[in-house]
Amino acid sequence: MATAGKVIRCRAAVAWAPGKLSVEEVEVAPPKAGEVRIKLVATGICRTDEHLLQGCFPNAEFPVIPGHEGAGIVESVGEGVTSMKPGDKVIPLCLPQCGECSFSLHSIKYKYLRLLHSISEPQHLLPDKTTRFSCKGKQIHHFLWVSTFAEYTVVPEYTVAKIDAAAPLDKVCLFGCGFSTGYGAAINTAKVKPGSTCAVFGLGGIGLSVVMGCKAAGASRIIGVDINKDKFAKAKELGATDCINPRDFQKPIQEVLTEMTGQGVDYSFEAIGHKDTMIAALASCNMSTGVCVMIGELDSGSEISIDPTLLLTGRTWKGTVLGGWKTRECIPKLVSSYLEKKFNSDLLITHTLPFAKVNEGFELLRAGKSIRTVLLF
């Protein structure tokens, strides 16, 4: 392509400090060896991006280009890149899979090349400790290596999944985080069994994807829990059998769920990121065989105190990152399942906006008026 090997000037949403995003012209350097430069077509707004803007994301560095839920087309590749070529449709991955280290080669439980980078070490520079972004003469940091709030981004090859050329990028961008995380939490992490009962705390994009995963796994009862009743209709459309608002009850929600099910649910999922709801989700599942999956993100540095008897009696408490998928292998397969109409993740998209209205998209999120807003470049 004519732009290969050259610096590209394009639009990006830059957070100069915690708070509001500013749409700026940025320079995007060409990819180095083992890297891919992607022209983004669409990106979703995820609450993780809001955590970053609030200054609550671990190891974040400003100024930064947020965004981690995008889809686009390969513009150019660096030396040694063999798994994709210019023109390929791709989804950049905020959780890499190299296919070489022991974490990638062994069981699905141990699959992440750089999970420590995601959780405890910075991902605000590319692996060679430099950035490909600059603006107004200043270096701009990456976010989770992907930074999809830019018309072009540069990422390591092993953080990119090549997908079916027929995939609509404005729809499957959700597979970069939200849909894959929630759906996989039910399918992979909890391993929901047919005929089981489930409770899903939080009916945003992640929680509704959990509902879809529980339905696909054959759960007979799926109880949605949220303080925003406006989300109940969408939850029931996607497979929830019951929806309850904790504010409608005088007793703790875990007691309500235990009474509704007789002995607690078989599986519970926390897709909010609050201490109290994490403990309530754990307490709401069956005391001897229940499985609770933690998906929501607590603010950086937060800790939880629990009564150990919640676990001593037999409950299992698990966490999940991006739904437990081997990302480069499995995200393309999920896209294929979408194209085969095995599920309809399009229902999660409530708003579509031009990229210039990125701040309006975040206002919809904060007001609880959107499930997923997709920005189009």
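Above this text is the structure in question.
From a predicted model like this one, the values you see are computed outputs, not experimental measurements.

> Can you break down the pattern of salt bridges residue by residue, with the values?
One pass over the structure, following the stated rule, counts 15 salt bridges. Here arginine 372 makes a salt bridge to glutamate 69, at a shortest N to O gap of 2.8 Å. Of the two residues, arginine 372 is situated in strand β17 (residues 372-376) and glutamate 69 in the loop between α1 (47-53) and β4 (70-77); the sequence distance between them amounts to 303 residues. Judged on exposure class, the residue arginine 372 and its partner glutamate 69 are both buried. When the shortest N-O distance is used, the salt bridge between arginine 132 and aspartate 128 registers 3.0 Å. On the basis of relative accessible area, arginine 132 is assigned to the buried category, the value being 3%. Overlapping salt bridges bring together Lys32, Glu35, Asp128 and Arg132 as one network.

> Talk me through the sheet that holds strand β13 (residues 267-270); I want residue IDs and the actual numbers.
With parallel pairing, 6 strands are arranged side by side in an open sheet as β12-β11-β10-β13-β14-β15. With one partner strand each, in any of the chains shown, β12 (242-244) and β15 (316-319) form the two edges of the open sheet. The sheet shows a mean angle of 20 degrees between the axes of neighbouring strands, taken without regard to direction. When strand β14 (residues 291-294) meets β15, the two strands line up parallel, connected through 4 bridges. Its bridge partner being in β15, cysteine 292 is matched across the sheet by tryptophan 317. Where helix α5 (residues 178-190) meets the sheet, its contacts fall on β13, β14 and β15, and the angle it forms with β13 comes to roughly 135 degrees. Seen against the sheet, helix α9 (residues 275-284) touches β10 (197-201), β13, β14 and β15 and runs at an angle of roughly 175 degrees to β13.

> Please give an account of the packing of helix α8 (residues 253-261) against α9 that cites residues and values.
Where α8 meets α9, the axes come as close as 8 Å, and the angle between the chain directions of the two elements is 25 degrees. With respect to each other, α8 and α9 are oriented roughly parallel. In this structure, α8 meets α9 at a crossing whose hand is right-handed. Contacts between α8 and α9 involve Ile253, Gln254, Leu257 and Thr258 from the former and Ala280, Ala283 and Ser284 from the latter. When its residues are assigned to classes, the contact of α8 with α9 shows 4 nonpolar, 3 polar and no charged.

> Quick rundown of α8? Include the residues and the values.
Those residues of α8 lying buried are Ile253, Val256 and Leu257. Down the axis of α8, the buried side of the element spans an arc of 95 degrees, and every buried residue falls inside it. Elements in contact with the buried residues of α8: β10, β11 (221-225), β12 and α9. Among the residues trailing α8, glycine 262 stands out with phi positive, at a value near 95 degrees.

> Residue-level account of the nonpolar core, with values.
The nonpolar side chains of a soluble globular protein tend to be buried with one another. With 52 residues, the main nonpolar core has Ile91, Val172, Phe175, Phe179, Val192, Cys214 and Phe269 as its most contacted residues. Mapped by element, the contributors of at least two residues to this core are α4 (169-172), α5, β10, α6 (205-216), α7 (232-238), β13, β14 and α11 (327-339). The contact partners of phenylalanine 175, leaving out residues within four places of it in the chain, are Ile91, Ser180, Ile331, Leu334, Val335, Tyr338, Phe343 and Ser345. Of all hydrophobic cores here, the second largest spans 47 residues; its members include Ile45, Phe57, Trp145 and Leu353.

> Any chance you could break down the environment of proline 86 for me, citing the residues and the numbers?
By the secondary structure assignment, proline 86 is in the loop between β4 and β5 (89-92). Residue class for proline 86 comes out partly exposed when judged on its relative accessible area of 41%. Each C-alpha atom, one on proline 86 and one on glutamate 329, is 20 Å from the other, the two residues being 243 residues apart in sequence.

> A description of α9 should follow, citing residues and the corresponding values.
For α9, a buried count of 7 out of 10 residues is recorded, marking the element as mostly surrounded by other parts of the structure. Residues of α9 that are buried include every one of Thr277, Met278, Ala280, Ala281, Leu282, Ala283 and Ser284, and no others.

> Lay out the sheet that holds strand β7 (residues 138-140) in plain terms, naming residues and giving numbers.
An order of β1-β2-β6-β7 is seen for the 4 strands of this open sheet, with the pairing classed as antiparallel. Edge positions in the sheet fall to β1 (8-14) and β7, since each has one partner strand and no second. On average, each strand axis in the sheet is inclined to that of its neighbour by 45 degrees, with strand direction left out of account. Relative to strand β2 (residues 22-28), β1 is paired through 7 bridges, and the arrangement is antiparallel. Directly across from arginine 9, in β2, lies its bridge partner glutamate 27.

About the thresholds
Residues numbered from 1 in each chain as written. Predicted model: local features only at pLDDT ≥ 70, side-chain atom pairs only at ≥ 80, totals over all residues. Heavy atoms only, no water. Salt bridge = Lys/Arg side-chain N within 4 Å of Asp/Glu carboxyl O. Helix = DSSP H or I, 4+ residues; strand = E, 2+ residues; numbered from the N terminus. Buried < 20%, exposed > 50% of the residue type's maximum accessible area, 1.4 Å probe, protein only. Pairing = 2+ DSSP bridges. Axes fitted to C-alpha atoms, helices over the stretch in contact; angles between N-to-C directions. Contact = heavy atoms within 4.5 Å. Parallel < 35°, antiparallel > 145°, perpendicular 65-115°, else oblique. Left-handed = near helix turned anticlockwise from the far one by under 90°. Nonpolar A, V, L, I, M, F, W, Y, C, P; charged D, E, K, R; others polar. Arc of directions from axis to C-beta. Core = buried A, V, L, I, M, F, W, Y, C linked by side-chain atoms within 4.5 Å.

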